[in-house]
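# Residue-level structure breakdown
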Amino acid sequence: MATNNKQFAIIGLGRFGIALCTELVEHGAQVLAIDIKEELVEKVADLVNQAVIADCTTEDAIRELRLSDYDLVVVAIGAQVNNSILATLLLKELGVAKVWVKANDKFHARIIEKIGADKIILPEREIGIKVARSMLDDRVFDFLDIGDDMALTEWVIGPQNAGNLLGELALFQQENIQILAVKQGARINSCPEPDTLLQSGDIVILVGDKDELTAKLRSI
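Everything numeric here is computed off the predicted structure, so don't read it as measured data.

So, on to unusual backbone geometry. A positive phi angle, near 55 degrees, is found at arginine 66, a position not held by glycine. Tracing the sequence through the fold places arginine 66 in the loop between helix H3 (59-64) and strand S4 (72-75).

In this section: the sheet that holds strand S5 (residues 99-102). Strand order in this open sheet of six strands is S3-S2-S1-S4-S5-S6, and the pairing throughout is parallel. Edge positions in the open sheet fall to strand S3 (50-53) and strand S6 (119-121), since each of these has one partner strand only. Averaged over all neighbouring strand pairs, the angle between strand axes comes to 20 degrees, with direction disregarded. Pairing of strand S1 (residues 7-11) with S4 involves four bridges; the strand directions are parallel. Counted as the bridge partner of isoleucine 10 is valine 74 from S4. Across the sheet, helix H1 (residues 15-26) lies against S1, strand S2 (30-35), S4, S5 and S6, angled at about 165 degrees from S1, the strand it touches most. Those strands touched by helix H4 (residues 81-93) are S1, S4 and S5, and its axis lies near 175 degrees from that of S5.

Next up on the list: H1. For H1, with twelve residues, the first-to-last C-alpha span of 16 Å sits near the 16 Å given by 1.5 Å per residue. All buried positions along H1 are accounted for by Gly17, Cys21 and Val25. Down the axis of H1, the buried side of the element spans an arc of 60 degrees, and every buried residue falls inside it. Taken together, the buried residues of H1 touch S1 and S2. The first or second residue beyond H1 is glycine 28, which carries a positive phi of 85 degrees.

This brings us to the layout of surface pockets. Roughly 510 Å³ of volume is contained in the second largest pocket. Along the walls of the second largest pocket sit 24 residues, with Gly12, Asp35, Ala76, Ile77 and Gly78 positioned nearest its centre. Elements that contribute at least two residues to the lining of the second largest pocket include exactly H1, S2 and helix H6 (123-136). Counted by class, the lining of the second largest pocket contains twelve nonpolar, six polar and six charged residues.

Definitions and cut-offs
Residues numbered from 1 in each chain as written. Predicted model: local features only at pLDDT ≥ 70, side-chain atom pairs only at ≥ 80, totals over all residues. Heavy atoms only, no water. Helix = DSSP H or I, 4+ residues; strand = E, 2+ residues; numbered from the N terminus. Pairing = 2+ DSSP bridges. Axes fitted to C-alpha atoms, helices over the stretch in contact; angles between N-to-C directions. Contact = heavy atoms within 4.5 Å. Expected span 1.5 Å × (residues − 1). Buried < 20%, exposed > 50% of the residue type's maximum accessible area, 1.4 Å probe, protein only. Arc of directions from axis to C-beta. 1 Å grid on protein atoms, 1.4 Å probe; cavity = no way out; pocket = protein on both sides within 12 Å on 5 of 7 lines; lining within 4 Å. Points joined across faces, edges and corners; volume = space filled by probe spheres on them. Nonpolar A, V, L, I, M, F, W, Y, C, P; charged D, E, K, R; others polar.

So far we have only geometry, and geometry alone does not tell us how the molecule works.
Here you go:
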């Protein structure tokens, strides 16, 4: 497992928060897990680098945990919207550079956006979008909105394009779409040439204008 030297703090250890902790640790990141409930902290104590019981709706707790030293803090507090809002406000006021916040709905999202959240996460909406895209086109392995009307996607080569060269795909000629890499089995070609021979099951990694990507993938 590769080591990631970034430090993350996760506030709120419901299902979403624990899933974040698990995934980050599996990728070698340093993780501080925080919740006000002892039983939730105990759940992840053996998983993360540090797990503490603390109330991050208070300035004292945020200062004591030195959260401003972390690369990114995620507020994953669930049903208690007021606590989520207050924690977000205090984190930004006390100098945390990047604060990502899980929002319960659009109303919650609007509030935390106004008080300075750097990224708003709507898990149910984002999962729904991914599932819908997969339902519409089973060649789209993943589709990630990365902001500024841009998206990153993994597109699976099917039988209809197997045996073709990468440069023969209409995607290769699009000004606002860039091919980043081609995954062929366990091998990743990060600088694919136009004469790369495609086989069924290969995965082409693309980045570009979200609307153009969607339209072009549907047309192929």
